Amino acid sequence: MENNRRVITIGRQFGSGGREIGKKLAESLDIPFYDRELITLASKESGLCPEFFEKADERASHSLSYAFTLGFPFFGNVSPYNDYLSNDTLFKIQSDTIRKIASEGSCVIVGRCADYILREDKRCVNVFIHSSLEKRMERVVQRNGVTVEEAKVLIEKTDKSRAGFYNYYSNKTWGVAATYHLSVDSCSLGIEGTVEFIRSFVEQKLG
């Protein structure tokens, strides 16, 4: 039923726990969770191999013609003689997938400009998860088994990529509070506390 549908999009700084928060939120609401699962769905819907979406995942537009040199196969409704496949095309395909799953029922979607793609959806709540650099480095060191210096570089590189992707495809600015319905510091309440806080906000906003 449309009035019961609840779609939550999660934007996140790298290492802030955004994916874990999104997954736990979905489990708490008993609704589907989509992160990298979107790559599989977009691949299935388009008939393109997943590697194309992997290479373009949350990256701004550039040519993927080099994919031929990597041996990625084309199939489905894409001609093998088409030697140019841009990230813009892949973004369009993934956007259609996001709109489709959001229209079919409640879900939590992480990243991939979902808040902008679903900007006309009145049953959508857009959340951004952030945290201090220190806390994020601690998390990345523990999760990825890297040094503090490596964690800092990885955070900066990933956040730059996500910001570039988001700013390129939307008319908003990644990470700026005014871009979202709710911006939350995950280290203030912890993972579980942040999940409950977002759930309460969603329930009050959407009923």
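Every value quoted in this text rests on a predicted model; they were computed, and no experiment measured them.

Parameters at a glance
- Residues numbered from 1 in each chain as written.
- Predicted model: local features only at pLDDT ≥ 70, side-chain atom pairs only at ≥ 80, totals over all residues.
- Heavy atoms only, no water.
- Axes fitted to C-alpha atoms, helices over the stretch in contact; angles between N-to-C directions.
- Helix = DSSP H or I, 4+ residues; strand = E, 2+ residues; numbered from the N terminus.
- Parallel < 35°, antiparallel > 145°, perpendicular 65-115°, else oblique.
- Left-handed = near helix turned anticlockwise from the far one by under 90°.
- Contact = heavy atoms within 4.5 Å.
- Nonpolar A, V, L, I, M, F, W, Y, C, P; charged D, E, K, R; others polar.
- 1 Å grid on protein atoms, 1.4 Å probe; cavity = no way out; pocket = protein on both sides within 12 Å on 5 of 7 lines; lining within 4 Å.
- Points joined across faces, edges and corners; volume = space filled by probe spheres on them.

(A) Local environment of the packing of helix α1 (residues 18-29) against helix α9 (residues 186-206). Remark: α1 packs on α9, axes separated minimally by 10 Å, with the N-to-C direction vectors making an angle of 45 degrees. The angle between the axes of α1 and α9 places the two elements in the oblique class. α9 is crossed by α1, and the crossing has right-handed handedness. Contacts between α1 and α9 involve E20, I21, K24, L25, S28 and L29 from the first element and S186, I191, E192, T194, V195, I198, R199 and E203 from the second. Split into classes, the residues belonging to the contact of α1 with α9 amount to 6 nonpolar, 3 polar and 5 charged.

(B) Inspection of empty space enclosed by the protein at higher detail. Enumeration over the complete set of coordinates arrives at 2 cavities of 30 Å³ or more. When its volume is computed, the largest cavity comes out at roughly 100 Å³. Lining the largest cavity are 15 residues, with G11, G111, C113, Y166 and W174 sitting closest to its centre. Of all the secondary-structure elements, those providing two or more residues to the lining of the largest cavity are β1 (7-12), α6 (114-117) and α8 (148-169). Looking at which element gives the most residues to the lining of the largest cavity, the answer is β1, with 4 residues. In terms of residue class, the lining of the largest cavity is built from 7 nonpolar, 3 polar and 5 charged.

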